[in-house]
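# Breakdown of the fold
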Amino acid sequence: MKRPILIHPDPRLKKTAPQLPDLSDDLRRLADDMLETMYAAPGIGLAAPQVGVDTRLIVLDCVKEEGAAPRPLAMFNPEVVAKSDERNIYDEGCLSIPDIYADVERPAEVTVRWIDRNGAEQQEDFDGLWATCVQHEIDHLNGILFIDYLTPLKRQLITRKMVKLKKDRAREKA
Ligand code: ZN
């Protein structure tokens, strides 16, 4: 089931989400819903706070080669356990900040540890777009948005645009 995505500014996007309790069918269902919501958007990553759920779960699939098999990943309690000194700049976007893109610099490679949907611990090295995406999504669990890496002026301009977008959308619905 698709879920509505919160749009910045929203206090629920600025909170640090608590660690997950034990895995449950409800949480697995949430992961499935988030993947469906992400693919439909379309997007390459989504974090639970973006659908208003205050817990440490992210989903992502950064396969972009045409015709390549999808790789839907659901990570419970993900954490970056190592990062490279080498850095990379990507033009990032976010489903909670529609149609806004900006260059963000992050470590080029990261090692991430997480619990998979079967409750097993996983660890993997990510680079390229996957590295950027997984760091962006884990940031969401700590109340950090990609615009927080921009200058205060840029951030203000974007936030103002989003306030207007939300007003326009609310008016359309009314
Ligand atoms: Zn995002």
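Reading the values: the criteria
- Residues numbered from 1 in each chain as written.
- Predicted model: local features only at pLDDT ≥ 70, side-chain atom pairs only at ≥ 80, totals over all residues.
- Heavy atoms only, no water.
- Helix = DSSP H or I, 4+ residues; strand = E, 2+ residues; numbered from the N terminus.
- Rg over C-alpha atoms; globule rule 2.2 N^0.38 Å.
- Buried < 20%, exposed > 50% of the residue type's maximum accessible area, 1.4 Å probe, protein only.
- Areas by Shrake-Rupley, 256 points an atom, 1.4 Å probe, with all protein chains shown as cover.
- Lys, Arg positive; Asp, Glu negative; His and termini not counted.
- Charge placed at Lys NZ, Arg CZ, Asp CG, Glu CD.
- Donors = N, O, S within 2.8 Å, 3.2 Å for Na, K, Ca; no water.
- 1 Å grid on protein atoms, 1.4 Å probe; cavity = no way out; pocket = protein on both sides within 12 Å on 5 of 7 lines; lining within 4 Å.
- Points joined across faces, edges and corners; volume = space filled by probe spheres on them.
- Nonpolar A, V, L, I, M, F, W, Y, C, P; charged D, E, K, R; others polar.
- Contact = heavy atoms within 4.5 Å.
- Salt bridge = Lys/Arg side-chain N within 4 Å of Asp/Glu carboxyl O.

A tally of regular secondary structure across the protein chain gives three helices and seven strands. Beginning at the N terminus, the succession of helices and strands in the protein chain can be written as α-β-β-β-β-β-β-β-α-α. On C-alpha atoms alone, the protein chain measures out to a radius of gyration of 16 Å, which is about the 16 Å that the 2.2 N^0.38 rule sets for 174 residues. Projected onto its principal axes, the C-alpha coordinates of the protein chain cover approximately 45 × 40 × 35 Å. In the protein chain, buried positions account for 43% of the 174 residues. Entry remark: accessible area of the protein chain is about 9600 Å², with carbon and sulfur atoms responsible for 50%. Taking the average place of the 25 positive charges on the side chains of the protein chain and the average place of its 30 negative ones, the gap between the two points comes to 10 Å.

Moving on, we come to the coordination of the zinc ion. Protein coordination at the zinc ion comes from C94 (SG), H136 (NE2) and H140 (NE2), with a distance range of 2.1 to 2.3 Å. Of note, the donors binding the zinc ion are all from one chain and are spaced C-x41-H-x3-H. On the criterion of sequence distance, the pair formed by C94 in strand β4 (residues 87-94) and H136 in helix α2 (residues 128-141) is long-range, its members being 42 residues apart. A relative accessible area of 6% places H136 in the buried class.

To continue, consider the layout of surface pockets. Leftover empty space is mapped by rolling, across the atoms, a probe with the size of a water molecule. Roughly 390 Å³ of internal volume is contained in the largest pocket. Lining the largest pocket are 22 residues, and of these I44, E92, G93, C94 and Y101 sit closest to its centre. When residues of the lining of the largest pocket are traced back to their parent elements, those giving at least two are β4, β5 (97-107) and α2. Element by element, the count of residues in the lining of the largest pocket is highest for α2, at six residues. What the second largest pocket holds in volume is close to 240 Å³. Residues belonging to the lining of the second largest pocket are distributed by class as follows: five nonpolar, no polar and four charged.

Residues H8 and P9 are joined by a peptide bond in cis, for which omega reads 0 degrees. Mapped onto the fold, P9 is located in the segment before α1 (25-40). Going from A41 to P42, the amide bond is cis rather than trans, its omega being -5 degrees. Position of P42 relative to the elements: it lies in the loop between α1 and β1 (45-47). Backbone geometry at D99 places phi at a positive 65 degrees, although glycine is not the residue there. Along the chain, the position of D99 falls in strand β5.

We now examine the environment of G43. Its place among the elements puts G43 in the loop between α1 and β1. Linking G43 and Y101, residues 58 residues apart in sequence, is a C-alpha distance of 13 Å. What G43 contacts, discounting residues up to four positions off in sequence, is M38 and L95.

Under the definition given, this model contains 14 salt bridges. The closest approach of N and O atoms between D10 and R12, which form a salt bridge, is 2.9 Å. Residue class for D10 comes out buried when judged on its relative accessible area of 11%. R12 gets classed as partly exposed once you look at its relative accessible area, which sits at 43%. In this structure, R87 and E105 form a salt bridge, with 2.6 Å as the shortest nitrogen-oxygen distance. Taken together, the residues R87 in strand β4 and E105 in strand β5 connect sequence positions 18 residues apart. Classification of R87 by relative accessible area gives partly exposed; the value is 45%. Relative accessible area serves as the criterion here: at 40%, E105 is assigned to the partly exposed category. Ionic contacts of the salt-bridge type, sharing partners, join the residues E92, R106 and D139 into one network.

By themselves, these are just geometric observations and shouldn't be taken as functional.
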